[in-house]
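# Working through the structure, step by step
Below, each chain spelled out in residue letters.
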Amino acid sequence: MTANEDQEMELEALRSIYEGDDCFKELSPVSFQFRIGDLDDSKSFLLEVSWPESYPETAPHISLDAFFNNRISLETKEYIISKMSEQVEANLGTAMMYTLFEWAKENQETLMEHHQPVTSAVTLISNSDVMNNSTSVSKKKEKKEQLTKAQKRKLIAKTVEQNWRKR
């Protein structure tokens, strides 16, 4: 098989495996993003992988340059890339995207164990900002009462009955 045929088969497999998975995104037939971790997890990161023409005989290009990763330190990014490169070397010559993505998911804790969120700018906050922010936080805490299905049905029936009587 040629490299292109291998790539085509792997692409079909990836589309099939990750269909409906919001962690996987196909940017092009040779370029992908895969999110490791949940969106609200501070230790999540986004792998960007692209295939050179001679993939899988040649290593894919792995990047952590996505904006999503801007809070991850350079040291942590370098560590993740080095560990991912070890996996690439072990799988060179074979279709490896699924293996790489799953390995990264299974090893997320280890890959991010030294992660300290990076703050790229210092923001000056005035007292009025603090006061405004605290009032908006307390507003968010007020939750609407959740109705059960039975309560919703009664409310709908009551509304329908009232509308029927108005006619």
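Use the structure listed above.
As a starting point, this report considers the structure included with it. (Residues numbered from 1 in each chain as written. Predicted model: local features only at pLDDT ≥ 70, side-chain atom pairs only at ≥ 80, totals over all residues. Heavy atoms only, no water.)

## Digging into the sheet that holds strand β1 (residues 24–28)
Here we have four strands laid out as an open sheet, ordered β1-β2-β3-β4, and antiparallel in their pairing. This sheet does not close on itself; its edge strands, each paired only once, are β1 and β4 (61–63). Strand after strand, the sheet turns through a mean of 20 degrees between neighbouring axes, direction not considered. The pairing of β1 with strand β2 (residues 31–36) spans four bridges and is antiparallel. Bridge pairing in β2 places F24 opposite F34. Strands β3 (45–50) and β4 of the sheet are contacted by helix α2 (residues 74–91), whose axis makes an angle of about 155 degrees with β4. Seen against the sheet, helix α3 (residues 97–106) touches β1, β2, β3 and β4 and runs at an angle of roughly 20 degrees to β2. (Pairing = 2+ DSSP bridges. Helix = DSSP H or I, 4+ residues; strand = E, 2+ residues; numbered from the N terminus. Axes fitted to C-alpha atoms, helices over the stretch in contact; angles between N-to-C directions. Contact = heavy atoms within 4.5 Å.)

## Quick look at unusual backbone geometry
For the peptide bond that leads from Y55 to P56, omega is 10 degrees, which places it in the cis range. Looking at the secondary structure, you find P56 in the loop between β3 and β4.

## Regarding the packing of α2 against α3
Where α2 meets α3, the closest approach of the two axes is 10 Å, and the angle between their N-to-C directions is 145 degrees. Of the two elements, α2 crosses α3, and the hand of that crossing is right-handed. Side by side, α2 and α3 meet where K83, M84, Q87, V88 and N91 of the first sit next to T99, L100, W103 and A104 of the second. Residues belonging to the contact of α2 with α3 are distributed by class as follows: five nonpolar, three polar and one charged. (Left-handed = near helix turned anticlockwise from the far one by under 90°. Nonpolar A, V, L, I, M, F, W, Y, C, P; charged D, E, K, R; others polar.)

## Re the pattern of salt bridges
Scanning the model with the defined rule gives five salt bridges in all. As a salt-bridge pair, K83 and E86 come within 3.6 Å of each other at their nearest N and O atoms. Taken together, the residues K83 and E86, both in helix α2 and three residues apart, mark about one turn of the helix. For E102, the salt bridge is made with K105, and the minimal N-O distance between the two is 3.2 Å. With E102 and K105 both in helix α3 and three residues apart, the pair spans about one turn of that helix. (Salt bridge = Lys/Arg side-chain N within 4 Å of Asp/Glu carboxyl O.)

## So, the packing of aromatic side chains
Tallying each qualifying case throughout the model produces nine aromatic pairs. Ring centres of Y18 and Y98 lie 6.1 Å apart, and the angle between their planes is 40 degrees; on these two criteria the pair is classed as tilted. One end of the pair, Y18, is in the loop between α1 (3–17) and β1; the other, Y98, is in helix α3, with 80 residues separating them in the sequence. By relative accessible area, which is 4% here, Y18 ends up buried. Measuring from centroid to centroid gives 5.8 Å for F24 and F32, while their planes differ by 25 degrees, and the two rings are stacked. Through a chain of ring-to-ring contacts, three or more aromatic side chains come together here, namely Y18, F24, F32, F34, W51, Y55, Y98 and F101. Lying across the ring of F68, R71 places its NZ or CZ 5.2 Å from the centre. (Phe/Tyr/Trp six-rings, centres within 6.5 Å; stacked < 30°, edge-to-face > 60°. Buried < 20%, exposed > 50% of the residue type's maximum accessible area, 1.4 Å probe, protein only. Lys NZ or Arg CZ within 6 Å of the ring centre and 35° of its normal.)

## Here's the deal with the environment of F45
Residue placement: F45 occurs in strand β3. Judged by its relative accessible area of 0%, F45 is buried. It is 10.0 Å that separates the C-alpha atoms of F45 and F67, two residues lying 22 residues apart in sequence. If sequence neighbours within four positions are ignored, F45 has contacts with F34, R35, I36, L64, F68, N69, I72, I80, Q108, L111 and M112.

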